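Structure at a glance
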Amino acid sequence: SAVISQKPSRDICQRGTSLTIQCQVDSQVTMMFWYRQQPGQSLTLIATANQGSEATYESGFVIDKFPISRPNLTFSTLTVSNMSPEDSSIYLCSVFTANYGYTFGSGTRLTVV
Amino acid sequence: KQEVTQIPAALSVPEGENLVLNCSFTDSAIYNLQWFRQDPGKGLTSLLLIQSSQREQTSGRLNASLDKSSGRSTLYIAASQPGDSATYLCAVMAGTASKLTFGTGTRLQVTL
């Protein structure tokens with residue numbers, strides 16, 4: 001299966017600032033997915049990132065708050081902008097392959113103070 | 001809209017016990033079902049992937065079954081160990097590379 005390197009693994013940020021999370025995949029993939037997991041909750045899909053086109057956002061998530069870049073088939077970034085304590089969550093990237101299904105990164109644990 | 005439910009929400013068992021985790025989904029038109037484990041504050045580790053045409057998959061002490069018609073999957077863990085303590089999530093996919101719908105999770109604790 002694909003191997004995903006995600007960083008940072010955790011961060012504590014001041015409200016009003018932004019954090020960019022990076023995901024590097026060891027193989028080329030068409031789509032990358034960004035999820036959020038709020039404390040005690042299951043995972044919620046933020047957006048799907050396609051190389052060469054704008055990301056597709058799920059209901060409740062907007063590009064101004066969560067801009068995504070996908071410069072090539074192995075890399076993507078998610079920025080959490082103008083953070084508030086409500087953004088404190090685990091953020092995960094993921095890729096899909098037909099043989100192995102979904103593979104997730106190790107997650108970024110974000111705390112906003 | 002697909003809904004995925006996992007029972008029980010939490011489970012505590014002594015080391016060595018065999019156990020079963022349950023997952024049910026409301027729409028049987030799924031492409032595949034995947035079981036994950038998640039350690040606290042960490043990402044998800046894929047355990048087993050069952051394609052819609054399959055009935056079960058096995059990996060080591062883990063066995064997952066799928067009954068599409070009844071909208072159910074079970075994850076069987078044999079001879080549980082303290083290292084199995086984690087949250088177990090099932091997730092279904094409606095089509096290839098479509099988004100996952102996650103279950104509510106089962107938090108498992110295996111005690112010495």
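None of these values were measured; they are calculated from a predicted model.

1. Considering the pattern of salt bridges
All names here are of chain B. Tallied over the full model, the rule gives three salt bridges over all chains. Where Asp39 meets Arg37, a salt bridge forms, and the shortest distance between an N and an O atom there is 2.8 Å. Owing to a relative accessible area of 15%, Arg37 belongs among the buried residues under this scheme. Between Arg61 and Asp84 there is a salt bridge, with its nearest N and O atoms 2.8 Å apart. Here the residue Arg61 occupies a position in the loop between strand S6 (56-59) and strand S7 (62-67), and Asp84 occupies one in the loop between strand S8 (72-77) and strand S9 (86-93), the gap between them amounting to 23 residues. On the basis of relative accessibility, which here comes to 29%, the residue Arg61 falls in the partly exposed class. On the basis of relative accessibility, which here comes to 7%, the residue Asp84 falls in the buried class.

2. With respect to the sheet that holds strand S3 (residues 19-25) of chain B
All names here are of chain B. If you walk across this open sheet you meet the five strands as S1-S3-S8-S7-S6, and the pairing is antiparallel. Edge positions in the sheet fall to strand S1 (4-7) and S6, since each of these pairs with one other strand and no more. Across the sheet, the mean angle separating the axes of adjacent strands is 15° when strand polarity is ignored. In this sheet, S8 lies alongside S7 in antiparallel orientation, the contact comprising six bridges. Residue pairing in the sheet places Asn63 in a bridge with Tyr76 of S8.

3. A word on the interface of chain A and chain B
Each partner contributes to the interface: chain A provides 21 residues, whereas chain B provides 21 residues. With both chains or domains summed, chain A and chain B bury close to 1500 Å², and 59% of this area falls on carbon and sulfur atoms. Broken down residue by residue, the surface that chain A buries against chain B is led by Phe96, Tyr102 and Phe104 of chain A, which jointly contribute 34%. Linking chain A with chain B are six residue pairs in polar contact (both at pLDDT 80 or more). The set of elements that each furnish at least two residues to the side of chain A that touches chain B consists of strand S4 (31-37), strand S5 (43-50), strand S9 (89-97) and strand S10 (101-104) of chain A. Element by element, the count of residues in the side of chain A that touches chain B is highest for S4 of chain A, at four residues.

4. Some points on the pairing of strand S8 (residues 75-80) of chain A
One face of the sheet, then the other: side chains in a regular strand alternate in exactly this way. Residues and elements named next belong to chain A. With six of its six residues buried, S8 lies for the most part within the structure. Across the two faces of S8 the burial is the same, with Phe75, Thr77 and Thr79 and Ser76, Leu78 and Val80 all buried. Two elements, strand S3 (residues 19-25) and S8, share six bridges in a ladder whose sense is antiparallel. Pairing of Leu19 across the sheet is with Val80, part of S8. Alignment of strand S7 (residues 68-72) against S8, held across three bridges, turns out to be antiparallel. Within S8, the residue paired with Ser69 across the bridge is Thr77.

About the cut-offs
Residues numbered from 1 in each chain as written. Chains lettered and ligands numbered in written order. Predicted model: local features only at pLDDT ≥ 70, side-chain atom pairs only at ≥ 80, totals over all residues. Heavy atoms only, no water. Salt bridge = Lys/Arg side-chain N within 4 Å of Asp/Glu carboxyl O. Buried < 20%, exposed > 50% of the residue type's maximum accessible area, 1.4 Å probe, protein only. Helix = DSSP H or I, 4+ residues; strand = E, 2+ residues; numbered from the N terminus. Pairing = 2+ DSSP bridges. Axes fitted to C-alpha atoms, helices over the stretch in contact; angles between N-to-C directions. Contact = heavy atoms within 4.5 Å. Buried area = accessible area lost by both parts, 1.4 Å probe. Polar contact = N/O pair within 3.5 Å; in protein donor to acceptor, adjacent residues only side chain to side chain.

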